[in-house]
Number of protein chains: 8
Amino acid sequence: MAQSKPLVAILMGSKSDWETVRHASETLHKFDVPHESRVLSAHRTPNATVEYVAAAEGRGIEVVIAAAGGAAHLAGVCAANTILPVLGVPMESASLKGLDSLLSTVQMPGGIPVGTLAIGKPGAVNAALLAVAILARKRPELADRLRAFRTEQEGKVLKEKLEGN
Amino acid sequence: MAQSKPLVAILMGSKSDWETVRHASETLHKFDVPHESRVLSAHRTPNATVEYVAAAEGRGIEVVIAAAGGAAHLAGVCAANTILPVLGVPMESASLKGLDSLLSTVQMPGGIPVGTLAIGKPGAVNAALLAVAILARKRPELADRLRAFRTEQEGKVLKEKLEGN
Amino acid sequence: MAQSKPLVAILMGSKSDWETVRHASETLHKFDVPHESRVLSAHRTPNATVEYVAAAEGRGIEVVIAAAGGAAHLAGVCAANTILPVLGVPMESASLKGLDSLLSTVQMPGGIPVGTLAIGKPGAVNAALLAVAILARKRPELADRLRAFRTEQEGKVLKEKLEGN
Amino acid sequence: MAQSKPLVAILMGSKSDWETVRHASETLHKFDVPHESRVLSAHRTPNATVEYVAAAEGRGIEVVIAAAGGAAHLAGVCAANTILPVLGVPMESASLKGLDSLLSTVQMPGGIPVGTLAIGKPGAVNAALLAVAILARKRPELADRLRAFRTEQEGKVLKEKLEGN
Amino acid sequence: MAQSKPLVAILMGSKSDWETVRHASETLHKFDVPHESRVLSAHRTPNATVEYVAAAEGRGIEVVIAAAGGAAHLAGVCAANTILPVLGVPMESASLKGLDSLLSTVQMPGGIPVGTLAIGKPGAVNAALLAVAILARKRPELADRLRAFRTEQEGKVLKEKLEGN
Amino acid sequence: MAQSKPLVAILMGSKSDWETVRHASETLHKFDVPHESRVLSAHRTPNATVEYVAAAEGRGIEVVIAAAGGAAHLAGVCAANTILPVLGVPMESASLKGLDSLLSTVQMPGGIPVGTLAIGKPGAVNAALLAVAILARKRPELADRLRAFRTEQEGKVLKEKLEGN
Amino acid sequence: MAQSKPLVAILMGSKSDWETVRHASETLHKFDVPHESRVLSAHRTPNATVEYVAAAEGRGIEVVIAAAGGAAHLAGVCAANTILPVLGVPMESASLKGLDSLLSTVQMPGGIPVGTLAIGKPGAVNAALLAVAILARKRPELADRLRAFRTEQEGKVLKEKLEGN
Amino acid sequence: MAQSKPLVAILMGSKSDWETVRHASETLHKFDVPHESRVLSAHRTPNATVEYVAAAEGRGIEVVIAAAGGAAHLAGVCAANTILPVLGVPMESASLKGLDSLLSTVQMPGGIPVGTLAIGKPGAVNAALLAVAILARKRPELADRLRAFRTEQEGKVLKEKLEGN
């Protein structure tokens with residue numbers, strides 16, 4: 001993985017999403033997967049978003065992660081403008097707590113898929129892990145790291161102590 | 001209203017929406033408002049949709065009505081690409097009965113507004129009536145017709161007979 | 001826009017809504033759109049509300065924005081008593097977080113339209129922006145300002161920096 | 001109960017509600033409670049609705065039952081215009097199955113109460129029974145009939161046979 | 001209203017509901033309506049609850065207000081054991097914010113009515129006001145007080161000032 | 001299992017629930033578990049219900065299954081009146097499709113437990129299976145039958161053929 | 001109950017659930033029911049979870065309590081791997097407040113039952129009480145304790161004082 | 001793509017899901033992607049499911065599609081037992097119309113990702129398309145076919161005619 005060209009693009013609809021989305025970036029860092037993170041809005045920067053996504057495949061990007069809240073169209077706009085796998089992360093929204101973000105992201109019509117993860121931080125972490133799993137299809141060293149990650153994670157859970165138990 | 005250039009654009013994400021959306025068209029016909037209806041998908045025809053909407057104002061369109069279901073992004077995509085008033089009609093969806101369509105249409109972020117109507121047929125009718133109300137701001141004859149429509153509608157309700165009452 | 005007669009009426013069901021609704025007023029201020037804000041309740045001041053709305057068109061008001069929470073009937077009462085475009089802003093409610101407000105505002109029957117915006121602050125901002133878009137149909141300088149607003153907004157997003165990225 | 005002046009007013013927002021609302025009327029008939037049923041819409045006939053409700057107490061009406069669907073404002077409009085007890089029956093709506101009607105009817109702000117019953121037919125029956133319970137506070141013969149109704153109802157349930165049991 | 005025998009019984013499923021339910025008591029105090037408040041649980045004190053409710057009518061109680069949260073059965077248990085009007089107040093619950101309480105209270109089967117008010121404090125206030133409206137059917141002085149209350153409430157809203165407007 | 005005294009009581013709030021609840025009875029038959037089925041309503045036959053449940057343990061009943069819809073209080077009433085394990089089956093309701101039944105059954109306050117199964121037929125089957133699992137704690141032959149049932153069920157799934165695959 | 005071998009297994013998907021789940025353990029302590037608590041995840045430690053559950057019956061465990069949040073599969077995995085009664089406690093989740101946990105736990109397919117309790121702390125307490133009720137079927141002293149617990153609980157509620165009443 | 005070893009495994013929890021899930025299989029057929037479809041239940045055949053999934057990577061499977069309804073644990077169980085990308089398709093369920101299936105599938109905890117598609121048929125089609133997009137990362141001919149599919153799909157939408165327009 002000596003290359004430095006980004007393999008994963010992490011897009012978010014608003015800078016305020018970064019607090020959650022950074023967990024996707026940090027997870028990719030753990031796997032040494034080169035990636036880049038951008039604020040691009042389906043609604044407020046439609047042209048820049050389409051241009052970025054349409055150019056992604058040509059630039060060597062292999063997976064797009066898109067995080068947005070409310071009427072969360074970012075992942076759908078990405079999916080409509082690339083044939084790369086697009087993973088959607090619904091942000092927890094102010095009033096409806098992410099139910100709107102989830103339905104806006106996952107209920108895509110047949111023909112344009114978005115692989116959707118959980119609302120909020122677990123979804124951000126898992127989008128990165130699913131991106132690694134996709135990249136691992138042709139990078140055996142990433143598959144090895146995923147196996148090691150699973151083993152380590154399993155070990156941590158099994159060592160948990162319950163206070164006062 | 002002798003002009004034939006369309007003042008209202010009615011867009012829908014899928015041909016199957018037409019059964020519902022035609023009520024918008026029929027309502028505009030009653031008010032002699034020239035309009036055009038198109039199938040354009042935010043997801044399956046993203047470029048054609050953006051081009052159509054970006055050109056709408058220049059072609060004399062004054063209001064855009066966008067109807068879609070599920071992860072209903074069409075109205076949002078329209079609103080992102082024009083400064084014209086955009087009215088969204090959430091379609092009743094197969095599984096979630098339009099709750100997904102409603103939230104995807106109405107929960108737009110600050111900056112890009114979509115005026116959202118009810119799910120399904122009442123929403124299609126009302127999108128047309130709201131478009132007429134908007135057009136009527138500079139067309140007094142449309143305001144007169146709206147007043148007449150309201151009076152007629154009121155009269156119909158007041159004449160209702162309840163069988164077996 | 002030298003005139004000082006209000007073009008937009010902002011109504012809210014309770015003084016406590018002002019904290020949210022002021023964003024509609026502030027947005028209209030940015031566009032130099034004359035407007036007035038009033039506390040008028042569909043339930044607690046029904047007569048005053050109907051009188052105000054019925055007189056609005058005659059006073060030169062062109063768009064009504066109505067914000068309310070819970071069983072949010074204010075926008076519907078306005079729409080029933082004027083042919084002006086009525087825009088509804090569902091307030092975030094104490095227990096159900098605005099889902100009740102949203103459904104009470106948006107699910108209007110065919111015949112009486114309310115253009116509904118998002119729950120809470122984004123909805124307040126967008127109601128003002130949609131009002132400007134409606135007014136802009138016969139005021140080219142407002143259309144120009146909307147375009148400038150969009151460009152400025154786009155620029156702001158594109159300049160966002162992600163800390164720690 | 002020789003009097004023929006109606007004691008209960010049953011209002012519904014649309015003639016199509018009658019299929020459900022007639023169960024309220026039939027229940028009142030069983031108790032020989034004089035009543036009248038009207039189609040009056042909060043949105044399409046706002047003036048007639050307000051006039052009717054404002055005059056109800058003076059005409060001898062003691063309880064108002066209001067049934068409506070979707071953005072169901074009828075009961076709220078009634079409650080805002082009379083001090084009589086107002087009972088709301090949420091109609092099952094086309095897409096959201098009455099969840100919208102229920103929240104629009106029950107989530108009234110402090111100050112203007114609506115006693116809300118279940119969605120659809122059980123709610124229509126129970127609105128009538130609750131009206132009888134209210135009227136029975138000064139009409140002992142109605143209290144007796146309610147007791148008899150309860151006993152009869154209990155007896156019916158206890159006699160149920162389960163086929164194939 | 002010189003009498004001191006309670007006319008309204010206010011029941012709540014848990015002492016922790018009192019913080020909300022006291023608004024019902026305070027509202028009845030404003031109208032000088034004698035009443036009593038009790039903690040009685042449908043689930044934890046079933047016998048005492050049934051005994052209390054079954055004896056209520058004989059003791060001169062004319063309206064029962066029942067407040068409970070979660071699987072909120074208290075109002076239903078009351079309604080099943082008396083022919084008095086029963087008003088239900090759904091408490092805001094810890095996780096589901098009162099949606100569970102609302103549905104458990106309002107969705108009663110045909111035959112046993114519960115007049116349900118809004119979730120939480122507005123519902124507590126309104127249960128008291130609806131109780132007053134019911135009692136007022138044979139107590140003209142209460143009807144007068146209700147009219148005065150409405151006028152006063154209307155005046156308060158109309159005098160609201162919006163800071164910074 | 002030669003005994004004929006019922007070990008499980010199956011209660012349902014309405015005869016119309018039997019179409020679904022019979023699956024509980026049929027499942028118990030398969031395991032040769034003696035049981036009885038009764039229509040008893042928390043609301044319409046409160047006394048008979050309490051009497052039946054209070055006497056159940058003395059009659060040798062070891063598990064109570066209670067099925068009801070809407071404001072589904074039956075399981076809660078049972079649990080309040082016996083220390084036997086009570087299993088609740090939420091019926092699919094007309095408008096809200098069992099969401100009301102589920103929340104009314106499962107959201108019991110701490111102190112009075114109801115073990116709740118899925119909405120409708122799967123819940124009826126599983127209530128019976130869980131009752132068998134409880135009875136099996138002191139009846140090894142029932143544990144054996146449960147193991148055999150699981151093996152048979154597993155075998156059936158593994159033999160499924162997909163047409164056109 | 002001199003035995004020290006655990007009769008109840010309390011499993012939770014994450015150490016962070018312990019704050020809630022400890023109420024199940026504390027309740028079992030009150031009844032002197034030997035039990036053990038473990039962090040075991042359906043997703044992160046699938047093998048250890050299956051092994052633990054498959055061995056539970058042989059080790060003398062009679063009831064399994066499984067608590068998890070979000071896509072809460074732990075109770076279902078337990079139920080699939082043992083014929084013991086499995087009781088599920090949905091944890092309150094970050095965004096959807098336990099609605100996801102509840103549906104993931106309770107909506108099991110016919111054939112594999114999970115007796116589900118309320119979301120959060122009341123559910124943890126009640127899972128323990130239902131476990132006691134199950135164990136009590138062959139341990140009369142536990143039935144006696146349950147009766148005493150109910151009496152004590154009833155007494156506490158009946159002694160509640162309302163401040164300011 | 002001359003190889004015949006399956007690259008994609010399509011699993012479903014019940015044979016009755018096949019009517020919907022076959023659309024995933026048919027979509028993969030269109031792209032000549034070798035795959036196999038199996039009925040395997042997280043709950044009724046837990047061992048066979050785990051064995052199948054654990055062996056999948058070794059057999060050359062590169063993507064797992066898992067479809068299930070209700071408490072839909074199948075995708076989660078797959079994801080817990082393989083590092084391959086797992087795509088979940090929530091089935092429309094009988095009562096809750098797939099909301100339960102969706103939340104059970106998508107709300108996975110951080111650490112074990114499931115890329116979730118829409119409820120029902122659109123989700124089945126899109127799971128296949130996303131699988132193709134993943135496989136295409138190292139198979140340029142699949143990327144070409146995806147581009148051709150998108151172009152063809154776009155053309156179809158643009159040719160739609162609206163009857164009676």
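Being a predicted model, the structure only gives us computed values, none of them experimental.

Novice: Any chance you could explain the interface of chain G and chain A here in plain terms?
Specialist: Where the parts come together, the accessible area they lose is often given as the size of the interface. Across the contact, 17 residues belong to chain G and 14 residues belong to chain A. Here chain G packs against chain A, burying approximately 1,300 Å² in sum over the two surfaces, 63% of which is carbon and sulfur. The largest per-residue losses of area from chain G upon contact with chain A belong to G:Lys15, G:Arg44 and G:Ser95, which jointly make up 39% of the total buried on that side. Taken together, chain G and chain A are joined by zero salt bridges.

Novice: What exactly am I supposed to notice about the interface of chain A and chain H here?
Specialist: Counting residues at the interface gives 40 residues for chain A, matched by 40 residues for chain H. Summing the contributions of chain A and of chain H, the shared interface buries around 3,400 Å²; its carbon and sulfur component is 60%. Contact with chain H buries area across many residues of chain A, yet A:Ile83, A:Arg137 and A:Arg150 alone supply 23% of it, more than any other trio. Where chain A meets chain H, there are four salt bridges. Between H:Arg137 and A:Glu57 there is a salt bridge; the shortest N-O distance is 3.6 Å. Seen at the junction of chain A and chain H, the total is 20 residue pairs in polar contact (both at pLDDT 80 or more). When residues of the side of chain A that touches chain H are traced back to their parent elements, those giving at least two are α3 (74-80), α4 (99-106), β5 (115-116), α5 (121-135) and α6 (140-158) of chain A. Top element by residues in the side of chain A that touches chain H is α5(A). It accounts for seven residues. Broken down by class, the residue content of the side of chain A that touches chain H amounts to 26 nonpolar, eight polar and six charged.

Novice: I would appreciate a short explanation of the relation of the copies chain A and chain H in the present structure.
Specialist: Here the two chain copies are tied together by a rotation about an axis and a shift along that axis. When chain A is fitted to chain H, the best match, at an RMSD of 0.0 Å, comes from turning it 180 degrees and sliding it 0.0 Å along the axis. Taken together, the rotation angle and the small translation identify this as a two-fold axis.

Novice: Please explain the environment of C:Glu92 as it appears in this structure.
Specialist: Position of C:Glu92 relative to the elements: it lies in the loop between β4 (86-90) and α4 (99-106). With sequence-adjacent residues up to four places away left out, C:Glu92 is seen in contact with A:Ala94, A:Ser95, C:Lys97, C:Gly98 and C:Ile119. One polar contact links C:Glu92 to A:Ser95, side chain to side chain, over a distance of 2.8 Å.

Novice: It is not clear to me how the arrangement of the chains should be interpreted in this structure. Could you clarify?
Specialist: Between chain C and chain G there is no contact; the minimum C-alpha to C-alpha separation amounts to 12 Å. Without any contact between them, chain D and chain G keep their closest C-alpha atoms 17 Å apart.

Novice: Just checking my understanding: could you explain the relation of the copies chain G and chain A for this structure?
Specialist: Expressed as a screw operation, the relation of chain G to chain A combines 0.0 Å of axial shift with a rotation of 90 degrees, fitting to an RMSD of 0.0 Å. Here the transformation between the copies is reduced to the relation of a four-fold axis.

Novice: Help me out: how do you make sense of the confidence of the model for chain A in this one?
Specialist: Detailed reading of the predicted coordinates is not advisable wherever pLDDT falls low. A residue-level look at chain A finds 98% of positions with pLDDT of 70 or above and a mean pLDDT of 96. Here the prediction assigns the complex a pTM of 0.97, and the interface score ipTM is 0.97.

Novice: Can you walk me through the packing of aromatic side chains in this structure?
Specialist: One pair of aromatic rings is described through two measures. These are the centre distance and the angle between the planes. All names here are of chain D. Enumeration over the complete set of coordinates arrives at eight aromatic pairs over all chains. Measuring from centroid to centroid gives 5.6 Å for Phe 31 and Phe 149, while their planes differ by 55 degrees, and the two rings are tilted. Taken together, the residues span a long stretch of sequence, with Phe 31 in the loop between α1 (18-30) and β2 (35-39) and Phe 149 in helix α6 (residues 140-158) at a distance of 118 residues.

Procedures and definitions
Residues numbered from 1 in each chain as written. Chains lettered and ligands numbered in written order. Predicted model: local features only at pLDDT ≥ 70, side-chain atom pairs only at ≥ 80, totals over all residues. Heavy atoms only, no water. Contact = heavy atoms within 4.5 Å. Buried area = accessible area lost by both parts, 1.4 Å probe. Salt bridge = Lys/Arg side-chain N within 4 Å of Asp/Glu carboxyl O. Polar contact = N/O pair within 3.5 Å; in protein donor to acceptor, adjacent residues only side chain to side chain. Helix = DSSP H or I, 4+ residues; strand = E, 2+ residues; numbered from the N terminus. Nonpolar A, V, L, I, M, F, W, Y, C, P; charged D, E, K, R; others polar. Least-squares fit on C-alpha atoms with pLDDT ≥ 70 in both. pLDDT = per-residue confidence, 0-100. Phe/Tyr/Trp six-rings, centres within 6.5 Å; stacked < 30°, edge-to-face > 60°.

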